[in-house]
Amino acid sequence: MTVTRRAAVLGHPVAHSLSPILHTAAYDALGLEGWEYSAIDTTVEDLPALVRGLDLGWAGLSVTMPLKHAVMDLVDHVDPLAVAVGAVNTVLVGPAQCGVTLTGTNTDVYGLVTALREGFGAQGRGRGTGAASAVVLGGGATAASTLAALGELGCTTPRVLVRSLGRTAGLQEAAARMGVSPRFEVLDPTASLGALRDADVVVSTMPAYAADPVAAALAAHGGTPAGVLLDVVYDPRPTALSTAWSDAGGIVVGGERMLLHQAVEQVRLMTGRTAPIAAMDDALGRALAAPASAR
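Colleague: Any details on the side chain of Gln-262? Residues and values, ideally.
Modeller: Position of Gln-262 among the secondary structure elements: in helix α10 (residues 255–271). Exposure remark for Gln-262: the relative accessible area of 6% places this residue in the buried category. Once residues lying within four places of it in the same chain are set aside, the contact partners of Gln-262 are Ser-19, Asn-89, Thr-107, Asp-108 and Gly-111.

The structure is reproduced here in structure tokens:
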């Protein structure tokens, strides 16, 4: 097959990414011959040269950590949502008089909102129901997207629980740009349980295994959570926190649902076609069911 249009996910490391599976499934279902999607391991230092090399053979890029902030300075335009969040996870390549124009946007917010609405549906609250109260675990780039998503769902005063308040300056600045007013607190696995159990929504944006002490505290002290948990980690899967939450009787949305829906929006933006969500969901399910070594 002759490749006529390219797209890729950039990150470091990136070999574990399921984005190629999702986007390739979409191209196949849409009948987009000549389209190719790959994973390119890219450091912050390598990123400028790669971006400068983009031409009209490229449809776009998916951008993951640690590049979501760095890429903002390398594109021609950044859409207002990505500016507010302070993170770009999608770069779109378009024509310009002299070469290409690059636009940075953020589909993580869409992915979070859609995944949480799936959780509300499983809880029997209706897919469009908002969230009166929420707790966010972690203070990185995904936490900023989470604050934007929670704002869309009607919660502008979430509690943000972090391991160090001294590392929240960037998130506090993003919150101010978005017009939300989170309450920042130090995460204590046991003392924070009440807030977690009572919230309509809990979103863990912590890295793999970082929330394990919270899971252990929940398992030890019991109590049925009132709301929906979305743990953005999908590898390993399920996380200890997801297991403890489910065992306690709570509703869990896996991080793979956010991954799916942000990719659905990326496909729409890069191809101009409605993404074939069923085909992408099927491909994701098969990949997650396979041994990690076979992915």
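Colleague: For the environment of Ala-115, give the residues involved together with the corresponding values.
Modeller: Relative to the helices and strands, Ala-115 resides in helix α4 (residues 108–123). Judged by its relative accessible area of 0%, Ala-115 is buried. Taking C-alpha positions, Ala-115 is 5.5 Å from Arg-257, a pair spaced 142 residues apart along the chain. Non-local contacts of Ala-115, meaning those with residues more than four positions away in its chain, are made with Leu-230, Val-253, Arg-257, Met-258 and His-261.

Colleague: Outline the sheet that holds strand β2 (residues 35–41), listing residues and values.
Modeller: Ordered in space as β2-β1-β3-β5-β6-β4, the 6 strands form an open sheet in which the pairing is mixed. Edge positions in the sheet fall to β2 and β4 (77–78), since each of these pairs with one other strand and no more. Both strand β5 (residues 90–96) and strand β6 (residues 99–105) contribute to a ladder of 7 bridges, which runs antiparallel. Bridged to Pro-95 within β6 is Val-100. Each of β1 (5–11), β2 and β3 (58–63) touches helix α1 (residues 19–30); the most contacted strand, β2, lies at about 175 degrees to it.

Colleague: With reference to specific residues and values, describe the pattern of salt bridges.
Modeller: Counting across every chain of the model gives 7 salt bridges. Across the pair Lys-68 and Asp-108 runs a salt bridge whose closest N-O atoms are separated by 2.7 Å. One end of the pair, Lys-68, is in the loop between β3 and β4; the other, Asp-108, is in helix α4, and 40 residues separate them in sequence. For Arg-183, the salt bridge goes to Glu-185, with nearest N and O atoms at 2.7 Å. Because the salt bridges share partners, they merge into one network encompassing Glu-118, Arg-257 and Asp-281.

Colleague: Mind laying out the packing of α10 against helix α11 (residues 277–289), listing which residues take part and the relevant values?
Modeller: Packed helices, taken two at a time, are described by their axes: the angle between them and the distance between them. The N-to-C vectors of α10 and α11 enclose an angle of 140 degrees; their axes lie 10 Å apart at closest approach. As the angle between them shows, α10 and α11 are arranged oblique. α11 is crossed by α10, and the crossing has right-handed handedness. The segment α10 lies against α11, with Glu-256, Arg-257, Leu-259, Leu-260, His-261, Ala-263, Val-264 and Val-267 engaging Ile-277, Met-280, Asp-281, Leu-284 and Leu-288.

Colleague: Go over helix α9 (residues 240–247) with me, naming the residues and quoting the values.
Modeller: When we look at burial in α9, the residues that qualify are Leu-241, Ser-242, Ala-244 and Trp-245. Angular distribution of buried residues about the axis of α9 spans 165 degrees; they occupy a single face of the element. Looking at the buried residues of α9, the elements they touch are β7 (134–137), α7 (193–198), β10 (201–204), α8 (212–221), β11 (228–231) and β12 (251–254). Among the residues trailing α9, Gly-249 stands out with phi positive, at a value near 100 degrees.

Colleague: I'd love a proper account of the side chain of Glu-185, names of residues and values included.
Modeller: Tracing the backbone shows Glu-185 in strand β9 (residues 183–186). Residue Glu-185 is classed as buried on the basis of its relative accessible area, which comes to 17%.

Colleague: Explain the pairing of β7 to me, and be specific about the residues and the numbers.
Modeller: With burial as the criterion, each face of β7 is covered, one bearing Ala-134 and Val-136 and the other bearing Val-135 and Leu-137. In this sheet, β10 lies alongside β7 in parallel orientation, the contact comprising 4 bridges. Paired with Val-135 across the bridge in β10 is Val-202. Relative to strand β8 (residues 159–162), β7 runs parallel, the two sharing 3 bridges. Paired with Val-136 across the two strands is Val-160, which belongs to β8.

Colleague: Tell me about α8, residues and numbers included.
Modeller: Of all the positions in α8, only Val-214, Ala-215, Ala-217 and Leu-218 are classed as buried. Considered in projection along α8, the buried side chains sweep an arc of 165 degrees and stay on one side of the axis. Seen from the buried face of α8, the exposed residues on the opposite side, beyond 90 degrees, are Ala-219 and Ala-220. On the buried face of α8, the contacting elements are α7 and α9.

Colleague: Give me the lowdown on the packing of α1 against α10, citing residues and values where you can.
Modeller: Look at α1 against α10: their axes get within 10 Å of each other, and the N-to-C directions meet at 50 degrees. Our classification of the angle between α1 and α10 gives oblique. α1 and α10 meet at a crossing whose hand is right-handed. Side by side, α1 and α10 meet where Ser-19, Leu-22, His-23, Ala-26, Tyr-27 and Leu-30 of the first sit next to Leu-259, Leu-260, Gln-262, Ala-263, Gln-266, Val-267, Met-270 and Thr-271 of the second. A breakdown of the residues in the contact of α1 with α10 according to their chemical character gives 9 nonpolar, 5 polar and no charged.

What counts as what
Residues numbered from 1 in each chain as written. Predicted model: local features only at pLDDT ≥ 70, side-chain atom pairs only at ≥ 80, totals over all residues. Heavy atoms only, no water. Helix = DSSP H or I, 4+ residues; strand = E, 2+ residues; numbered from the N terminus. Buried < 20%, exposed > 50% of the residue type's maximum accessible area, 1.4 Å probe, protein only. Contact = heavy atoms within 4.5 Å. Pairing = 2+ DSSP bridges. Axes fitted to C-alpha atoms, helices over the stretch in contact; angles between N-to-C directions. Salt bridge = Lys/Arg side-chain N within 4 Å of Asp/Glu carboxyl O. Parallel < 35°, antiparallel > 145°, perpendicular 65-115°, else oblique. Left-handed = near helix turned anticlockwise from the far one by under 90°. Arc of directions from axis to C-beta. Nonpolar A, V, L, I, M, F, W, Y, C, P; charged D, E, K, R; others polar.

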